[in-house]
Amino acid sequence: MSVRFVIDALDFVRKAGKRHGKILLSDLDRVQDFLHENSGEIDYWINGDIGQDNKPYLFLRIKGEMNLSCQRCLGSLTQPLAIERSLVLVETEAELIQADEGESVDAMLAVSDMDVQNLIEEEIILSLAISSRHKEGECDIYNPKRYKTIENTDSENPFAALKKLKKV
Ligand SMILES: [Zn+2]
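On a predicted model such as this, the values are computed, not experimentally measured, just so you know. (Residues numbered from 1 in each chain as written. Predicted model: local features only at pLDDT ≥ 70, side-chain atom pairs only at ≥ 80, totals over all residues. Heavy atoms only, no water.)

### Quick word on the pairing of strand E5 (residues 56-69)
Where a strand is regular, its side chains alternate between the two sheet faces.
1) Next: One ladder, built from 2 bridges, connects strand E3 (residues 35-37) with E5; its direction is antiparallel. Residue pairing in the sheet places Leu-35 in a bridge with Leu-68 of E5.
2) Next: Between strand E4 (residues 41-50) and E5, which follow one another and run antiparallel, lie 5 residues, and Asn-54 among them has a positive phi close to 70 degrees.
3) Next: Of the strand pairs in this sheet, E5 and strand E6 (residues 76-90) are connected by 13 bridges, and their pairing is antiparallel. In the strand pairing of E6, Met-66 is matched with Gln-79.
4) Next: Linkage of E5 to E6, two consecutive antiparallel strands, is achieved through a turn of 6 residues, within which Leu-74 is found at a positive phi near 65 degrees. (Pairing = 2+ DSSP bridges. Helix = DSSP H or I, 4+ residues; strand = E, 2+ residues; numbered from the N terminus.)

### A short note on unusual backbone geometry
1) Next: Even without being glycine, Asn-54 reaches a positive phi, approximately 70 degrees.
2) Next: With respect to the element layout, Asn-54 can be found in the loop between E4 and E5.
3) Next: Not every positive phi belongs to a glycine, and Leu-74 is a case in point at roughly 65 degrees.
4) Next: Here Leu-74 is to be found in the loop between E5 and E6.

So, in structure tokens, the structure goes:
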């Protein structure tokens, strides 16, 4: 198990905090359903700083490689992971709503017990939702053996299919 890294978000910015760490893919519970194979680890860098707009920011970088299950054929799909995010910290729900309406920056609530691993996991899931399938022509969806597996499930949702396969 990786050691959880919890920060007081605003304090982290105030102290110009910096941290580089690694997380085992097998420790990211909510990512497991996307993975074909969960060995390996990812690198992350997080630092707190005041942005050019004078507001407190967390800058997050995530790098690594993941062996995903294609959402169409459930076959293996190696996907490099390279995420860079700037998140402006706000202190109230009202500010958060306001920030979400302006489209220029992504905002998050500055909590005093922010679990960095949780944050990273969320960012990875956001990035996976749009990328975890083979390109046309590389996908194994028409492989009759796999197709049969998918056909046997009662839902067209590939995640439901995946969950079902894992339970067996
Ligand atoms: Zn595929």
